[in-house]
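Fold and contact review
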Amino acid sequence: MAISDSTAQRYTAQDPDVRLMLQVRDDNAAAFEELMQRYQSRLVSLMTHLVGRRDMAEDLAQDVFLRIYRARKRYVPGSKFSTWMYTIANNVASNALRGLARRKEVNLVGRESGELGGNPLAAKALAASGLMPTRLLDKAELSEVVKIAVSALNERQRMAVLLNKFEHLSYEEIAEVMQQSPSAIKSLLSRARANLREVLEPYLEQGAKV
Amino acid sequence: MNPSQQQLERIVAYLDGELPAEESAQVEQQLAADEQFRQQLQGAERAWAALDQLPMASVADEFSRTTMDMVVDAARRKVEAKTIALPIQRRQRGTAIALLATMAVLLGAVVFRVAWQNPNRRLLADLPVVQHVDIYSQFRSVEFLQELDRRLSEAAPLDSAEGEQLQAKLAEFQFVSAVDNREDWLESLPADDKVSLRAKFNRFHELSIERQSELRELHRQIEAADNRGLLLRTMFRYQQWLNGLPQSKQFEYRNLPTSDHARGVASEMKQAASEHRFEMTAEQIQDVFRHVRPHIQKVVRKKQKVFDQNLSKMSPRERRHFQSLSKHEQAMRSYQLAIKDSPEQMREFIDVIAEALPSEMRDTFRQLPPWEKFNLSRSWFWRARSQPGNDRRSVAHRHSGNIPEQELADFFVELETDEKERLLALPREEMQRQLKRKYFGRGSRHDRLRRSDWDSRLPPGGPRPDGWRRDRRDQSGPPPRGLRGGPRFDGELDRRPPRGVE
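No experiment lies behind these values; they were computed from the predicted model shown.

The rules behind each value
Residues numbered from 1 in each chain as written. Chains lettered and ligands numbered in written order. Predicted model: local features only at pLDDT ≥ 70, side-chain atom pairs only at ≥ 80, totals over all residues. Heavy atoms only, no water. Helix = DSSP H or I, 4+ residues; strand = E, 2+ residues; numbered from the N terminus. Buried < 20%, exposed > 50% of the residue type's maximum accessible area, 1.4 Å probe, protein only. Contact = heavy atoms within 4.5 Å. Phe/Tyr/Trp six-rings, centres within 6.5 Å; stacked < 30°, edge-to-face > 60°. Buried area = accessible area lost by both parts, 1.4 Å probe. Salt bridge = Lys/Arg side-chain N within 4 Å of Asp/Glu carboxyl O. Polar contact = N/O pair within 3.5 Å; in protein donor to acceptor, adjacent residues only side chain to side chain. Axes fitted to C-alpha atoms, helices over the stretch in contact; angles between N-to-C directions. Parallel < 35°, antiparallel > 145°, perpendicular 65-115°, else oblique. Left-handed = near helix turned anticlockwise from the far one by under 90°. pLDDT = per-residue confidence, 0-100. Nonpolar A, V, L, I, M, F, W, Y, C, P; charged D, E, K, R; others polar.

Moving on to the overall build of chain A. If you tally the helices and strands in chain A, you get 10 helices and zero strands. Reading chain A from its N terminus to its C terminus gives the helix and strand order α-α-α-α-α-α-α-α-α-α. Put simply, chain A has 210 residues, and 56% of those count as buried. Expressed as a percentage of contacts within chain A between residues at least 6 apart in sequence, the contacts between residues at least 24 apart total 65%.

All names here are of chain B. The final tally for this structure, using the stated rule, is 16 aromatic pairs over all chains. Taken together, a centroid distance of 5.6 Å and an interplanar angle of 55 degrees make the contact between tyrosine 335 and phenylalanine 349 tilted. Here tyrosine 335, found in helix α19 (residues 327-339), pairs with phenylalanine 349, found in helix α20 (residues 343-356); they are 14 residues apart in sequence, far enough to count as distant. The pair tyrosine 335 / phenylalanine 349 is uniform in exposure class, with both members buried.

Residue-level contacts link 58 residues of chain A with 58 residues of chain B. Interface area for chain A against chain B, summed over the two sides, is near 5500 Å², with a carbon-plus-sulfur share of 61%. For the chain A face of the interface with chain B, the top three residues by lost area are Gln37, Gln62 and Arg193 of chain A, together amounting to 13%. Here chain A and chain B share seven salt bridges between them. Here glutamate 201 of chain A makes a salt bridge to arginine 46 of chain B, at a shortest N to O gap of 3.2 Å. Where chain A packs against chain B, one counts 22 residue pairs in polar contact (both at pLDDT 80 or more). Broken down by secondary-structure element, the contributors of at least two residues to the side of chain A that touches chain B are α2 (16-25), α3 (29-51), α4 (54-70), α7 (139-151), α8 (155-165) and α10 (182-206) of chain A. With 16 residues, α3 of chain A is the single largest residue contributor to the side of chain A that touches chain B.

Time to look at the pattern of salt bridges. Enumeration according to the criterion identifies 33 salt bridges over all chains in this entry. Across the salt bridge formed by lysine 249 of chain B and glutamate 252 of chain B, the nearest N and O atoms sit 3.5 Å from each other. Within this pair, lysine 249 of chain B and its partner glutamate 252 of chain B are both found in helix α14 (residues 247-254), separated by three residues, close to a single helical turn. The exposure class assigned to glutamate 252 of chain B is partly exposed, which follows from its relative accessible area of 47%. Linked by salt bridges that have partners in common, Asp17, Glu34, Arg38, Arg42 and Glu167 of chain A together with Arg182, Glu217, Arg220 and Glu223 of chain B make up one network.

A word on the packing of α4 of chain A against helix α5 (residues 81-103) of chain A. All names here are of chain A. The contact between α4 and α5 brings their axes to 10 Å, and the two run at 130 degrees. With respect to α5, the axis of α4 lies oblique. Our pair here, α4 against α5, has a crossing hand that is right-handed. Counting all contacts with α4, which are made through Met56, Leu60, Asp63, Val64, Arg67 and Ile68, the residues of α5 involved are Phe81, Trp84, Met85, Ile88, Ala89, Val92, Ala96 and Leu100.

This part is about unusual backbone geometry. Residue and element names in this part refer to chain A. Unusually for a residue other than glycine, histidine 168 sits at a positive phi of about 55 degrees. For histidine 168, a relative accessible area of 63% translates into the label exposed. At glutamine 179, a residue that is not glycine, the phi angle is positive and equals roughly 50 degrees. Relative to the assigned elements, glutamine 179 resides in the loop between α9 (171-178) and α10.

With that settled, the discussion passes to the confidence of the model for chain B. Residues and elements named next belong to chain B. On average, residues of chain B carry a pLDDT of 75, and 74% of them reach 70 or more. Helix α28 (residues 492-495) is the least confidently modelled element of chain B, averaging 32 in pLDDT, while helix α7 (residues 133-136) averages 93, the highest of any element. Low pLDDT (under 50) marks residues 389-400, which in the prediction has 28 contacts with non-local residues, meaning those over four places away or in another chain. Scored below 50 in pLDDT, residues 448-502 shows 145 contacts in the model against residues more than four places distant or in partner chains. Taken together, the chains of this predicted complex give a pTM of 0.60 and an interface ipTM of 0.81.

All names here are of chain A. Taken residue by residue, chain A gives an average pLDDT of 82. The fraction at 70 or more is 80%. Looking across chain A, the model is least confident in helix α6 (residues 120-129), with a mean pLDDT of 52, and most confident in α9, with 95. In this model residues 107-118 is a low-confidence stretch, pLDDT under 50, and it forms 28 contacts with partners more than four residues away in sequence or in other chains.

Time to look at the environment of isoleucine 296 of chain B. Residues and elements named next belong to chain B. Of note, isoleucine 296 is situated in helix α16 (residues 282-302). Put simply, isoleucine 296 and valine 352 are 56 residues apart on the chain and 9.8 Å apart in space, counted from C-alpha to C-alpha. Setting aside its immediate chain neighbours within four residues, isoleucine 296 contacts Phe289, Ala331, Met332 and Tyr335.

Right, let's get into the packing of α8 of chain A against α9 of chain A. Each pair of packed helices gets described by two things: the angle between the helix axes and the distance between those axes. Residue and element names in this part refer to chain A. It is at 10 Å that the axes of α8 and α9 come closest, and there the two elements cross at 135 degrees. Here α9 runs oblique to α8, going by the angle between their axes. For α8 against α9, the interelement crossing comes out right-handed. The residues of α9 that touch α8, namely those facing Arg156, Met159, Ala160, Leu163 and Asn164, are Tyr171, Ile174, Val177 and Met178. Of the residues that constitute the contact of α8 with α9, the class distribution is seven nonpolar, one polar and one charged.

This part covers the environment of tryptophan 48 of chain B. Secondary-structure assignment places tryptophan 48 of chain B in helix α3 (residues 35-50). Judged by relative accessible area, tryptophan 48 of chain B falls into the buried class, the value being 12%. In this structure tryptophan 48 of chain B touches Val161, Asn164, Lys165, Arg193 and Leu196 of chain A together with Asp16 of chain B, once residues within four positions along its chain are discounted.

Turning our attention to the side chain of serine 45 of chain A. Tracing the chain through its elements places serine 45 of chain A in helix α3. Of the polar contacts made by the side chain of serine 45 of chain A, one reaches the backbone nitrogen of alanine 57 of chain B; its length is 2.6 Å. Leave out the neighbours within four places in its chain, and serine 45 of chain A touches Met56 and Ala57 of chain B.

Shown next as structure tokens:
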């Protein structure tokens, strides 16, 4: 879809990252490095929670930056820079997850329904961790349980949750990143939250040691 | 979609702030009325908040280095591919446009590679954050600046000199934020500033990777804010004020929750701005006291007999000390003793001072509450007492806030007992700071809290009756040594004024 001049001007005025990206378009290496410095940790975090492996997450984040560099000459600001970057990240992560699923390196059976009972992975993981809800968890243990709860979400729910919670993207922006409608994102997030609550509630009721 | 799913969507959208105002109001009504609905919402909120426990990755410098290597490598391959293709393209198409486009890509890639070789590359990429690392480290979020700006703009507008200074800083911030300007700016820096920038760069890289990322994000948020000009002005004002604060106090503020942090800082900054109106140089104080001196001499002459009697009652040590003072200082001390128990004479003294003040200060001074007039007069008196011709105290030092320890100790001795006890209970650094503030006539928070008490005890328009007097407990001498936070008071016994002179 063509981006109008007024849209491009609006985003250029509002978003300092868009201004940096326009300088990257003009082959400014310092601007590229500044963008990278701003987003690298967040991107690696996002990828780590998406694919579950730190080494792979770093490779994928580097791939995202490389794609940004390669796409620089075609860049026209049609959204916030972060929205554009997470769209690339979403594509990169989806491809990687598909590849992993084909090679069966990880169990990526996601659930489209909100029923946790449909996903034996989560229940198994929780049982294996030994972190049973009957006792008080310390912070590290709670962090582990939360990690398991997030990894038990399906890929789309996980992506939407991470973008919403940690990148503070609105439903509309998440919809743009994931190429869906805002109402679909609304449903997706509510199902994701229901799933998270189902796994986490017993632990949260017990409370955590600090 | 079943009703429970619909309800959950509403709850989630409400929590995410994605509901229109009307629907939000409906949710709030339901929350107030429906216990089950409330529990459902709280459950969803708890689970969402638990995600904060998810560990976040931090990325070492190695990551950005290898990524940039990959990018530069991609650029190199592009150059090679285009270079190989160039003769073919020329032969096949023979068009100038294709040639130009190819050359542009080549040039871009080469520029990228050259920039990557720049030894200041890391500094340039983080320059605005590095340049402001000290102030960025003092607060956690842009909300702090928003809140501080709101509170400061209500009551402490900028004066024109301060405004100009901040404007210059703002211009520099904006200049350095633009990537293209950075190299030139760096080049134009004087050698001293380069050294200082290098130190900041080192400080920045001594921070944890997570903290570095937080500071970058803070900078990004400030840059993206609609009211960034205002926020930056507030930030620079805050920085200026912080410079006069001891490390321990800075630490204390940094660790407060955002709203408490902003409230505390705003309150102190407003107080400082109000005090600024009565700041005088040592020369100005001497001018004021040139006018006050005839009054002082008159009072001292009248009380001469009493002074002589009391001098003979002093211990030999006290007498030796008193006699070692300059004539000027002897007169000033005698005057101080003469008025210390007389509210009427104190009021007269304050009136004489008010009359002698520079015209632009006089009316404002007269409108101050008595306790504040007293604080200021006492401070000016102290600063004038040892001048001129006293080589122990440097005027320049005093004006810069670098008061000789002995003078501060003297000043401390003459404070009231409860005030001394309060100061002694503070950490040493904070005690010194508050004592200096008092010395310069600046009220502490404690003074402000007590102002109604003071005002009620003062005669109308006059200072508090026991303004300079030390009570019986004080007669025993200096504050105890070795107390936590106490300053050193070497030889303070000798410095106390003679006792019992009326």
